[in-house]
Amino acid sequence: MAMILDAFVGRYIGKLSEVIDGEISMMLGIKDELKKLRERTESIEAFLESAERRRHTERTIGIWVKKLKDVMYDADDIIDLCMIEGRKLLEDRPSESAVRHHFSLFSCFRCITFRHEIGSKIRKLNNRLNMIIEDQSKLPKLEPTGQDVRVGGVNHRQTSPEDVVKSDIVGTQIEDATQSLVESLIKEDNKKYQVQGIVGMGGIGKTTLASNIYNHESIINIFPIRVWLCVSEDFLDIKLLKNIIRGAKGEYKEDETKAELKSNLSSILSKRYFIVLDDVWTTDVWEDLLRSSLENATASGRIVVTTRYMNVVRSMKAHKNTEADIHRVQKMDNDSGWEMLRKKIFRDDDDEQEISNLKEIGDKIIEKCDGLPLAIKTIAGVLSSKERTNMEWKKVLKSDAWSMGQLDAELPGALFLSYEDLSSDLKQCFLYFSLFPEDYVMDRDDLIRYWVAEGFVKDNLMEDLAEDFYRELIGRNLLEPCDEDGDLSDLVGNYCKMHDLLRSLARFLIRDESIFLGDEQSPNTNLLSKLRRLSMVNRGERLEVPDVIKQQKCLRTLLVWRGSGIKMVENELFENLRFLRVMNLSRTRLESLPDSVGDLLHLRYLNVSGTNIKELPESIGCLVNLQVLNLAYCTSLHALPKAITKLCNLRCLCLKETLLTHVPKGIGKLKHLNHLEGFVIGHDDRRHAGCDLKELQFLSQLRFLEINRLERIEPAGAPVLANSRSLRTLILECGLFGLEEEAIAIERIDKIYNIDLSPRSTHLQRLEINEFFGTGFPGWMMSPSLDVSFPNLTNIRLFYCKSCPQVPPLDLLPQLKSLRIEKASAIKTMGPEFLGPRASSAATSFPKLEELYFVEMFNLEEWSFGMVEGVGEERRGAPKLLPRLIRLTLNVCPKLRALPPLGLLPQLKYLEIRYAGAIETVGPEFLGPRASSAATSFPKLEELHFEDMENWKEWSFGMVEGGGEGRRGAPNLLPHLMKLKLAYCPKLRALPQGLRHDTNLQELNITTLYDLKEISNLPSLKSLQISFCPMLEHVENLDKLQYLRVELPGSTRISTVDADGQRERLPRWLLELLQNAPAAMHNLQKFDLLCNLPLLKTFLKDGPNWPIIQPIHQVEIRRYDSYIRYTKDLPHETHIKEESEEELEEPEESSENY
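Residue indices begin from 1 for each chain and proceed along its sequence in written order. Restriction of local features to residues with pLDDT of at least 70 applies here, the model being predicted, together with a cutoff of 80 or more for giving and counting side-chain atom pairs; totals for whole chains, interfaces and linings are based on all residues. With hydrogens and water excluded, all non-hydrogen atoms of the structure serve as input to the side-chain values.

Visitor: Before we go on, may I ask you to explain the overall build of the protein in this structure?
Guide: When you go through the protein residue by residue, the secondary structure sums to 36 helices and 39 strands. The cut-offs for exposure are 20% and 50% of the maximum accessible area for each residue type, with area from a 1.4 Å probe on protein chains only; residues under the lower value are buried, those over the upper are exposed, and the others partly exposed. Counting only residues that meet the buried cut, the protein has 55% of its 1154 residues in that class. Here a residue-residue contact requires only that any non-hydrogen atoms of the pair lie within 4.5 Å. Contacts in the protein between residues far apart in sequence, at least 24 positions, make up 66% of those at least 6 positions apart. Areas reported as accessible are Shrake-Rupley estimates using a 1.4 Å probe. Residue values count occlusion only from the protein chains shown. Roughly 48,500 Å² of accessible area belongs to the protein as shown, and the carbon and sulfur atoms make up 47% of that amount. We count a stretch as a helix when DSSP gives it H or I for four or more residues in a row; a strand needs E for two or more, and each element gets its number in order from the N terminus.

Visitor: Teacher, can you tell me more about the side chain of Arg 581 here?
Guide: Within the element layout of this structure, Arg 581 appears in the loop between α24 (571–575) and β12 (582–584). N or O atoms within 3.5 Å of each other form a polar contact, as long as, within protein, one can give a hydrogen and the other can take it, and as long as residues adjacent in sequence are counted only when both atoms are side-chain atoms. A distance of 3.3 Å separates a polar atom in the side chain of Arg 581 from a polar atom in the side chain of Asp 76. Excluding anything up to four places from it in sequence, Arg 581 contacts Lys 15, Asp 76, Asp 77, Asp 80, Arg 556, His 602, Leu 603, Arg 604 and Tyr 605.

Visitor: Explain the packing of aromatic side chains to me, please; I cannot follow it from the model alone.
Guide: The description of two aromatic rings rests on the distance between their centres and on the angle between their planes. Paired rings are identified among Phe, Tyr and Trp, the last through its six-membered ring, by centres lying within 6.5 Å, and are further divided according to the angle between planes into stacked (under 30 degrees), edge-to-face (over 60) and tilted (the rest). Scanning the model with the defined rule gives 30 aromatic pairs in all. On the numbers, 6.3 Å between centres and 40° between planes, the contact of Tyr 214 with Phe 274 is tilted. Note that Tyr 214 is positioned in helix α8 (residues 206–214) and Phe 274 in strand β3 (residues 273–280), a separation of 60 residues in sequence. Both residues of the pair, Tyr 214 and Phe 274, count as buried. Ring geometry for Phe 433 against Trp 451: centres 6.1 Å apart, planes inclined by 80°, an arrangement best described as edge-to-face. In this pair, Phe 433 is assigned in the loop between α19 (424–431) and β6 (442–443) and Trp 451 in helix α20 (residues 444–454), connecting sequence segments 18 residues apart. Taken individually, Phe 433 and Trp 451 each receive the classification buried, so the pair is uniform in this respect.

Visitor: Explain the pairing of strand β26 (residues 910–914) to me, please; I cannot follow it from the model alone.
Guide: Each regular strand displays side chains that alternate between the two surfaces of the sheet. By the criterion of burial, β26 is predominantly enclosed, with four of the five residues buried. Strands are labelled as partners when DSSP assigns at least two bridges between them. With five bridges connecting them, β26 and strand β28 (residues 943–947) associate as parallel partners. Looking across to β28, one finds that Leu 911 is bridged to Leu 944.

Visitor: So what exactly am I meant to see when it comes to a negative patch on the surface here?
Guide: Among the surface-exposed residues, Asp 483, Glu 484, Asp 485 and Asp 487 lie close enough to one another that they form a single negatively charged patch. Along the chain, the position of Glu 484 falls in the loop between β7 (480–482) and β8 (495–497). Its relative accessible area of 57% is what places Glu 484 among the exposed residues. Within this analysis, patches are made of residues with over 30% relative accessible area and no salt bridge. Like charges are joined at 9 Å or less; nonpolar side chains (Val, Leu, Ile, Met, Phe, Trp, Tyr) at 5 Å or less. Only one rule defines a salt bridge in this text: a Lys or Arg side-chain nitrogen within 4 Å of an Asp or Glu carboxyl oxygen. A residue counts as positive if it is Lys or Arg and as negative if it is Asp or Glu; His and the chain ends are not included. Here the site of a charge means NZ on Lys, CZ on Arg, CG on Asp, or CD on Glu.

Visitor: What exactly am I supposed to notice about the environment of Glu 467 here?
Guide: With respect to the helices, strands and loops of the structure, Glu 467 is situated in helix α21 (residues 462–475). Each C-alpha atom of the pair Glu 467 and Arg 444 lies 7.9 Å from the other, and the pair is 23 residues apart in sequence. Those residues in contact with Glu 467 that sit more than four places away from it in its chain are Arg 444 and Ile 448.

Visitor: How should I be thinking about a positive patch on the surface in this particular structure?
Guide: Taken together, the side chains of Lys 364, Lys 368, Lys 394 and Lys 398 present a region of like positive charge at the surface. As for its placement among the helices and strands, Lys 364 is situated in helix α15 (residues 352–368).

Visitor: Help me out: how do you make sense of the environment of Gln 194 in this one?
Guide: Tracing the backbone shows Gln 194 in strand β1 (residues 193–199). Each C-alpha atom, one on Gln 194 and one on Met 316, is 9.6 Å from the other, the two residues being 122 residues apart in sequence. Among the polar contacts made by the side chain of Gln 194, one reaches the side chain of Asp 325 at a distance of 3.5 Å.

Visitor: Would you mind showing me how to read unusual backbone geometry here?
Guide: Negative phi characterises most residues that are not glycine, and trans characterises most peptide bonds. Its identity is not glycine, yet Glu 657 carries a phi of approximately 60°, on the positive side. Positionally, Glu 657 belongs in the loop between β15 (652–654) and β16 (675–680). Phi at Arg 709 takes a positive value of approximately 65°, unusual for a residue other than glycine. Tracing the sequence through the fold places Arg 709 in the loop between β17 (704–708) and β18 (729–733).

Visitor: What exactly am I supposed to notice about the pattern of salt bridges here?
Guide: Note that side chains of opposite charge can pair when their charged atoms are close. Per the stated rule, a full pass over the model turns up 63 salt bridges. Taking the shortest distance from any N to any O, the salt bridge between Lys 15 and Asp 76 comes out at 2.8 Å. Taken together, the positions of Lys 15 in helix α1 (residues 5–21) and Asp 76 in helix α5 (residues 59–91) put the pair 61 residues apart, joining distant regions of the chain. The pair formed by Lys 15 and Asp 76 is uniform in burial state, with each residue classed as buried. A single network of salt bridges, built from pairs that share partners, joins Lys 15, Asp 76, Asp 77, Asp 80, Arg 556, Arg 581 and Arg 604.

Visitor: Teacher, can you tell me more about the nonpolar core here?
Guide: Note on terminology: a nonpolar core comprises buried Ala, Val, Leu, Ile, Met, Phe, Trp, Tyr and Cys residues joined through side-chain atoms within 4.5 Å. Grouped together as the largest cluster of nonpolar side chains are 183 residues, with contacts concentrated most on Leu 558, Ile 667, Leu 696, Leu 710, Trp 863 and Ile 1015. Setting aside its immediate chain neighbours within four residues, Leu 696 contacts Leu 676, Phe 679, Leu 702, Leu 705, Ile 707, Val 720, Leu 721 and Ser 724. Ile 198, Ile 213, Ile 219 and Ile 510 belong to the second-largest nonpolar core, a separate cluster that totals 95 residues.

Visitor: Where do I start with the pairing of strand β33 (residues 1023–1027) in this structure?
Guide: The buried fraction of β33 amounts to five of the five residues, a majority that puts the element mostly inside the structure. Where burial is concerned, the two faces of β33 agree: the one with Ser 1023, Gln 1025 and Ser 1027 and the one with Leu 1024 and Ile 1026 are both buried. Here strand β31 (residues 1003–1007) runs beside β33; their pairing, made up of five bridges, is parallel. When the bridges of β33 are listed, Glu 1003 appears paired with Ser 1023. Of the strand pairs in this sheet, β33 and strand β35 (residues 1043–1047) are connected by five bridges, and their pairing is parallel. By the bridge assignment, Leu 1024 is partnered in β35 with Leu 1044.

Visitor: Sorry if this is basic, but what is going on with the sheet that holds β6 here?
Guide: The strands making up a sheet associate through hydrogen bonds between their backbones, and the pairing can be parallel or antiparallel. Ordered by their spatial adjacency, three strands build an open sheet running β6-β8-β7, and the pairing between neighbours is antiparallel. Each edge of the sheet is formed by a strand with only one pairing partner; in this case those strands are β6 and β7. Note that β6 and β8 share two bridges and pair antiparallel. Its bridge partner lying in β8, Met 442 is registered against Cys 496.

Visitor: Help me understand the packing of α19 against α21 in this model?
Guide: To obtain an axis, a line is fitted to C-alpha atoms, over the contacting stretch when the element is a helix, and the angle between two such axes runs from 0 to 180 degrees between their N-to-C directions. Viewed as axis vectors pointing N to C, α19 and α21 meet at an angle of 80°, and their least axial separation amounts to 10 Å. In this view, α19 runs roughly perpendicular relative to α21, as classed from their interaxial angle. Packed against α19, whose contacting residues are Asp 425, Leu 426, Cys 429 and Phe 430, the element α21 presents Phe 469, Glu 472 and Leu 473 at the interface. Throughout this description, any angle smaller than 35 degrees is read as roughly parallel, any larger than 145 degrees as roughly antiparallel, any in the 65 to 115 degree range as roughly perpendicular, and the remainder as oblique.

Visitor: Just checking my understanding: could you explain the side chain of Ser 1027 for this structure?
Guide: For Ser 1027, the location among the structural elements is in strand β33. Using a relative accessible area of 1% as the deciding quantity, one classes Ser 1027 as buried.

Visitor: What should I look at first to understand α1 in this one?
Guide: For an α-helix, 3.6 residues make a turn, and residues three or four places apart therefore share a direction. Given the number of residues in a helix, its expected span is that number minus one, multiplied by 1.5 Å. Counted at 1.5 Å a residue, the expected span for α1 with its 17 residues is 24 Å, and the 24 Å between its end C-alpha atoms agrees. Summarising burial for α1: 13 of the 17 residues are buried, a large majority.

Visitor: Can you walk me through helix α18 (residues 413–420) in this structure?
Guide: Of all the eight residues making up α18, eight are buried; the element is thus mostly covered by neighbouring parts of the structure. Of all the positions in α18, only Gly 413, Ala 414, Leu 415, Phe 416, Leu 417, Ser 418, Tyr 419 and Glu 420 are classed as buried. In this structure, the buried side of α18 is in contact with α4 (48–54), α16 (373–384), α17 (390–397), α19 and α22 (500–509).

Visitor: How do you make sense of the environment of Ser 596 when you look at a structure like this?
Guide: Residue position: Ser 596 is located in the loop between β12 and β13 (605–607). Put simply, Ser 596 and Ile 620 are 24 residues apart on the chain and 8.9 Å apart in space, counted from C-alpha to C-alpha. Non-local contacts of Ser 596, meaning those with residues more than four positions away in its chain, are made with Asn 571 and Phe 574. Here Asn 571 takes part through its side chain, which lies 2.7 Å from a polar atom of the side chain of Ser 596.

Visitor: Explain the confidence of the model for the protein here, please?
Guide: Segments scoring low in pLDDT should not have their predicted coordinates read at a detailed level. In the predicted model, the protein carries a mean pLDDT of 83, and 86% of its residues have values of at least 70. pLDDT measures how confident the predictor is about each residue, on a scale from 0 to 100. Considering only residues more than four positions removed or in separate chains, one finds that residues 1051–1063, a stretch of pLDDT under 50, has 20 contacts.

Visitor: Got a minute to help me understand the state of the cysteines in this structure?
Guide: Joining two cysteines, a disulfide is a covalent bond between their sulfur atoms. Disulfide: a pair of cysteine sulfur atoms within 2.5 Å of each other. If you walk through the whole model with that rule in mind, you get zero disulfides. Summary of cysteine pairing: Cys 482 is not part of a disulfide, and the nearest cysteine sulfur, belonging to Cys 496, is at 6.3 Å. Given a relative accessible area of 4%, Cys 482 falls into the buried group.

In structure tokens form, the structure reads like this:
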């Protein structure tokens, strides 16, 4: 980060006062000098916000700020040393013991030496600060901080996840451009490939347009292979090739060379492909990696390239057999800009008059954004934090920060304004993103720990405040929420990304203090700039930091990326980096840390997760300032040094998936610990002692606790979590035990869970009970006052609780959103007790539950909603059962005989039922009593899966399938169902007739329904996939079908179709369907067939089946390595590999997806 002076100095004065008012300053004899330091610092504090803001535009102020920052960094390090040394001296104070007196005498000599050294340093610091204060008088006038300047805190108005990110698709410009480019890209020609460039300045919407094209229905239908590749400025050859192969559903070996991967890619591109190369900076990705692979591919394709630079696309156009078109993205018009601004700031139900009153000023602000969507989004973030008044919006319009865009031609003034509007604390957090690689997916919890370790957050609940900062940055559109793979999301979750233009802004603002070094880059050797933070790519076996940075000896942060080759760190390196506070060496092959790591006395954050580290040196106990120690996934690490219990400021200890034999006794001494993950109880070797549960009694700050190997310890006899009142996540896990000890172990574990591990935190949000072998869930889970004990619990997972016969009354939990029960083999029935007493009243059961999973419930025989399934349930409150449930999965419940009336669930969108082998019929009771009335069953269901139902014979909607169903409400069955999948239901004879009333069903996937005879009268169906349905006789009345995929077995029970024998293996229904396709299915665009080789040959040009496929736009017929590919009006591709008689008789295996 770039130090934000007013925030840094404010925190420093607080730390300084703590030392002055404590015993340390007296013991070191430096109280007077420290008071002078505080007075001088306070004298300039009020002017620092103004200086920080003006340093970019006024050179003399910039130089003064730079000098002051150097002094403040040194001052911070000196106070750190005072606190470290003072703590040691306080621990060594004389006592009655002669031995202690001996040590205290030694301490006296050490104290005298340190007092002289530190006193000298503080005096020099005061002199330097005096000179800077004198220089201030020569500067242009600096204004003291005013009432309206934001110096801290967050805006809580934008933290609601439902409102954080909305669609960026506004106006007609992007839709018109999408349609025009799609038409161009699907136009047939004889080119090997066509390159479409999308060119424009940063933030203008290139990626949004490319994404719109990539997800367009026509592109999806025509191109079987679609790959999206984010290239970035510092891409890696090998990684990029692997990503594109993986995206094309291909495979590769980890040790393949670049040449092998390029050849591999050519062979994988055997079908028409569509590739997006997003954010291309140079032609290297084309010249060195992709051009030859695409030229040697068997199929043709289209490539869309987004770039800021016209020459990138022009270089692609220069090659033969290539056509390159260029689309310049136009700036957003003002009307569309206002529409985007409005969507980002206002709700649909906001007062129209209020919006109208602000439109005139809003239009002027849009004009200043110069048609850049990113600028409009970030300005929307600024306006969202203001009062909705003309006065506040005019302040934004007239802000001087707009003119800062002149500092860098590629950085719009709107981005500077969005940055300047942040509080000083938030500015530091924003600038920290400059240290991450481009397009890097950032984990929220990691960010929070970085910010805390860097000192950006000062509060009793630092992690809570840091999370507020995270949400504020998202609410201001400076961060984009995404999932773990980087796909953008509408909800604020655990991951985020930053637009590359905003990242460029952050780098620009910190260029004198921090640096990111990519491959083979060297830092600027300007020794006038002291680099405090280094983020770098390191490919060698040794961790190497540039000499110029080691010589400066002032580095505070070291982040290493792509360091998979690093095996060692030399002692000498840490000797030159003694002021490090943050160090991330994760995912390297590091095997050990040198002893000199103990000299990094200022270190707050150490991450060596995912390394090959085998042991930690005892010297790690010297890191008394360490707050975060991440050892997750260090599978070669089996023991921790005893000295780890000396890390008195540790806040986070992560041991997840680290195969430790034990954790040293004494963890309870780490009073500040709030995140303890993978905590191993007991010892693998019973002759030795490890930690017991009693240690947890002293950890009152815990927010996250995961305990493993609970079967190894004895009960403490008292609630060990009684003091952990802030606990938010609790994960309890047992391991295996010997059968000869089973009875004793069960009795012991029951006591431990019932008494010792009873949580007392009303803040608990997540609870996991894993591999629990007690006789029943603990009493605190079965309590009728569960809602009082855990009012904030949102997520529960109960895994392999094999002896618990009854589920707790979880319906009582008012905030529960996700419930997952797995391998609960003792549960045989779930009746009204699962819904709780509310099920028989007008109260709501599971009022907030959104996701429900029952997995591997091997003995579950009955699931019933109880009384509400009888007459009059709607009067009794049936609609209030699971009112917000969106997703329901029943997976591997082999004894479940029937399904409850799931059609009653008003918000259910996704329903999956798999491996329910005992179910024979699914009748009207599945829809609920509404099926016989005008009410709607499954009113919101969009996707339905029935898979591996080996005894399922009948699926019926009951009375509504008879006469008069229109009057009786049949059209209200499954009104929004779009996707239906039926897989391995070999005895199911027919689809319910009521499906014909489903006016939204667009995708039907049917696999291994041996007795199914008919698929017909589905008016909205666009995609039909059929695999291994040998008794199928009729497929008809599918007027809107666009895609048909059929997979036939190698041998079939279908009789000969006609006398010539050429089509004897083509089912009659398929022959009739294809013959009638031009008239009955005039929308059919694509046909895929997997069949045996003799049948495939009948589709060759001039073969008997060639006329059948000729009218279809795109066809692929395949048998293992043999194929026919045909695209209308283009030469078709064929490859026939002859097979032995044995191979010809082999049944074609089902593909992975069906």
